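Results of the structural survey
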Amino acid sequence: MAVKIQIKRGTKAGLPALSPGEYGLATDTGELFIGGANGNIQVATLGSDGKIPGGNLDLSGYVPTTRKINNKALSADVTLAAGDVGAVPTSRTVNGKALSSNISLTASDVGAYTKEESAEAAENAIEPVGTIKATVRTDLGDKWLLCNGDYVSKETYPDIEKLIEYSFDNEKDVYNLRLDTRQKSSNGWCVAANDEYIVRATFYNDEVGVLYSNAVSGDFIYKALKSNLSISGTIQVCKYLNGYFIVAFQDMWKSEVTFFYTTDPTGTWNEKIFSVPNLYDINSIAVGLKWMNNKYVFFGQTAQNKIWTYALSTLSGTGYLETHTMSFLFYGFFDMEYFNGKYWYLMQNRSKYTSTPYQIVLCSSTYLSGTPTTKYRVPARISASSTFMGSMFVASGKLFVMLGYSYDPVGTHVYYTSDGTSFTDVIIESINDFSQDYIGCMNVMKIDDTHYVAFYVTDSNDYFPRLAFINTETCEITGEKLDRSSNYTINFHSNACYFKNRIWVPAIYSSAPYLYYWPYGKKLPTAIIDGAYAYIKAKE
């Protein structure tokens, strides 16, 4: 038998207080209630559409899922990034300053002048570098220098240094290097320098040594490098190359070349020896040394019409000897350079001197292992009795060839080329006495990137030294015969170096080593205006 269960019912207003858990139906509104501890509680019911009627549900405090936050719907969890809310990360910078903290920008941050800088810029416009003015004041600060003829430092005052031309003073001074009899030497004519030291190589009483100093006056210090030697010829190399002082000489009796090297002349000198087969001192031709194509390259000639090179990437490393027999009879091998991807060799071809006017030749090879071939013949006639000297260097994208010869045409010449094919000839002076067949008898000093000075000695009884001043950018070249005392001897083998605004040349007097020097550099003007101090503005 079916059982019918009914709950209390009646109008909503007439429903009594239901017992806890007891249901009641409001027949007039269709609402369902259940008794609770504190009174009747309405129970949600579904409408005919299967949804809770709006009137039966309190949705206050809620939003529909179609609502969006920063264009992202609320149908799922929302995650906002800095870009969603128009923010930037703290790693972002303003004028180079990070936003991780408060930022304060200065005038320089926005490319503007401060008040002080604006005043300074106005002053520089009115009184640019190079302005000279007279004043009785002496408190102008370090921007102004007294016009007293002092040399100006490129490192300290680069602005004014660029405006001043080099000047040469032919009034020499003589500096006595002799400290004791060990420094007596007629076989040490080489000198080298860096920014800190000047070094002269010596050979006396079977001992090779160096004299060094870090000043233009004061004592030179002697350091013995090796004793009990029996060598032929002279100390043929004293150079500063790629951070090293290097002293070298050849011993033809042993077919060896010995060289010493150091970064600090006051400290330890390292020794190294390499052999060259059939090495001999033909016509006093010496050992040459250049830093070329990232290598130290020693070079010279041997018997049997051969030339040799010995190349090292580092002075302490392994060297590689190359020898080549030339296709022509040559009388001298004078210098080497590396230019336009080739090694260049300056030589004298005497195989047909009676029939051809082209005797001074430039040969080249791509590699040191390759035999050089003739690339250029200097248009000058060389006879059997003529003398000749030469040297090469590379600067301003050009190969420069310094030549002196005593036949046709006589004189000192500079040939230069930008492509290794077409050469331009500049004659410095017409003289016919030159030292003959020596590597190093004409050497070139680098003053700066575009200014070079060549030094050479004429082959006459008084051995007059000469200089050639070369601007490698404009190719302007001038010559100068140096003033010197007849009491001092300057040898064929003498080279020169540039140290502390002076050109230094080795000399011998009474069997003792001396150095000449001639001032050369960029000098401040000398000026007095109406009895007042004259100052020049040296920097902004």
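Considering the overall build of the protein
- When you go through the protein residue by residue, the secondary structure sums to 2 helices and 41 strands.
- With 540 residues in all, the protein has 44% of them scored as buried.
- Partitioning the intrachain contacts of the protein with sequence separation of at least 6 by distance along the chain shows that 48% fall at a separation of at least 24.
- A total accessible area of about 26900 Å² is found for the protein, and carbon and sulfur atoms account for 48% of it.

So, the nonpolar core
- With 19 residues, the main nonpolar core has Met445, Val453, Phe455, Leu467, Ile503 and Tyr520 as its most contacted residues.
- Elements that contribute at least two residues to this core include exactly strand 34 (451-457), strand 35 (465-471), strand 38 (502-509) and strand 39 (512-522).
- Broken down by element, this core gets its largest block of residues, 4 residues, from strand 39.
- Excluding its chain neighbours within four sequence positions, the residues that come into contact with valine 453 are Asn443, Val444, Met445, Ile447, Leu467, Ala468, Phe469, Ile503 and Tyr520.

Here we look at a nonpolar patch on the surface
- Together, Ile69, Val78, Leu80 and Val85 make up a nonpolar patch on the protein surface, roughly 290 Å² of accessible area in all.
- Classification of valine 85 by relative accessible area gives exposed; the value is 51%.

What to know about the sheet that holds strand 19 (residues 256-262)
- Spatial ordering of the open sheet is given by 17-18-19-20, a layout of 4 strands whose pairing is antiparallel. Among the strands making up the open sheet, the edge pair consists of strand 17 (237-241) and strand 20 (270-275). Direction aside, the axes of adjacent strands within the sheet are offset by 20° on average.
- Looking at chain direction, strand 19 and strand 20 are connected through 6 bridges and run antiparallel. Across the sheet, threonine 258 pairs through a bridge with isoleucine 273, a residue of strand 20.

Examining the layout of surface pockets
- Taken as a whole, the second largest pocket encloses approximately 250 Å³ of empty space.
- Surrounding the second largest pocket, Glu165, Tyr166, His451, Tyr452, Phe469, Ile470, Asn471, Glu476, Ile477, Thr478 and Tyr520 form its lining.
- Those elements that place two or more of their residues in the lining of the second largest pocket are strand 34, strand 35 and strand 36 (476-481).
- Residue composition of the lining of the second largest pocket, grouped by class: 6 nonpolar, 3 polar and 2 charged.

Observations concerning the pairing of strand 41 (residues 532-537)
- Of all the 6 residues making up strand 41, 5 are buried; the element is thus mostly covered by neighbouring parts of the structure.
- In this sheet, strand 41 lies alongside strand 9 (residues 132-135) in antiparallel orientation, the contact comprising 4 bridges. What sits directly across from threonine 135, in strand 41, is tyrosine 533.
- Both strand 10 (residues 144-146) and strand 41 contribute to a ladder of 3 bridges, which runs antiparallel. Considered in strand 41, the bridge of leucine 145 is made with isoleucine 536.
- Of the pairings in the sheet, the one linking strand 40 (residues 528-529) to strand 41 comprises 2 bridges and is antiparallel in character. Of the residues in strand 41, the one forming a bridge with isoleucine 529 is alanine 532.

Observations regarding the pattern of salt bridges
- Under the definition given, this model contains 9 salt bridges.
- Of the charged contacts, one joins aspartate 142 and lysine 539 as a salt bridge, the two residues approaching to 3.1 Å between their closest N and O atoms. Taken together, the residues span a long stretch of sequence, with aspartate 142 in the loop between strand 9 and strand 10 and lysine 539 in the segment after strand 41 at a distance of 397 residues.
- With a shortest N-O distance of 3.3 Å, glutamate 337 and lysine 290 are connected by a salt bridge. With glutamate 337 in strand 25 (residues 330-339) and lysine 290 in strand 21 (residues 288-292), this residue pair connects regions lying 47 residues apart in the sequence.
- Residue class for glutamate 337 comes out buried when judged on its relative accessible area of 10%.
- Looking at lysine 290, the relative accessible area reads 13%, which means it is buried.

A short note on the pairing of strand 18 (residues 244-251)
- Burial within strand 18 is extensive, with 7 of its 8 residues counted as buried.
- Examined bridge by bridge, strand 17 and strand 18 share 5 bridges and lie antiparallel to one another. Paired with tyrosine 240 across the two strands is phenylalanine 245, which belongs to strand 18.
- The hairpin turn running from strand 17 into strand 18, its antiparallel successor, is 2 residues long, and asparagine 242 in that turn takes a positive phi close to 50°.

Scoring rules and cut-offs
- Residues numbered from 1 in each chain as written.
- Predicted model: local features only at pLDDT ≥ 70, side-chain atom pairs only at ≥ 80, totals over all residues.
- Heavy atoms only, no water.
- Helix = DSSP H or I, 4+ residues; strand = E, 2+ residues; numbered from the N terminus.
- Buried < 20%, exposed > 50% of the residue type's maximum accessible area, 1.4 Å probe, protein only.
- Contact = heavy atoms within 4.5 Å.
- Areas by Shrake-Rupley, 256 points an atom, 1.4 Å probe, with all protein chains shown as cover.
- Core = buried A, V, L, I, M, F, W, Y, C linked by side-chain atoms within 4.5 Å.
- Patch = residues over 30% accessible without salt bridge, like charges linked within 9 Å, V, L, I, M, F, W, Y side chains within 5 Å.
- Salt bridge = Lys/Arg side-chain N within 4 Å of Asp/Glu carboxyl O.
- Pairing = 2+ DSSP bridges.
- Axes fitted to C-alpha atoms, helices over the stretch in contact; angles between N-to-C directions.
- 1 Å grid on protein atoms, 1.4 Å probe; cavity = no way out; pocket = protein on both sides within 12 Å on 5 of 7 lines; lining within 4 Å.
- Points joined across faces, edges and corners; volume = space filled by probe spheres on them.
- Nonpolar A, V, L, I, M, F, W, Y, C, P; charged D, E, K, R; others polar.

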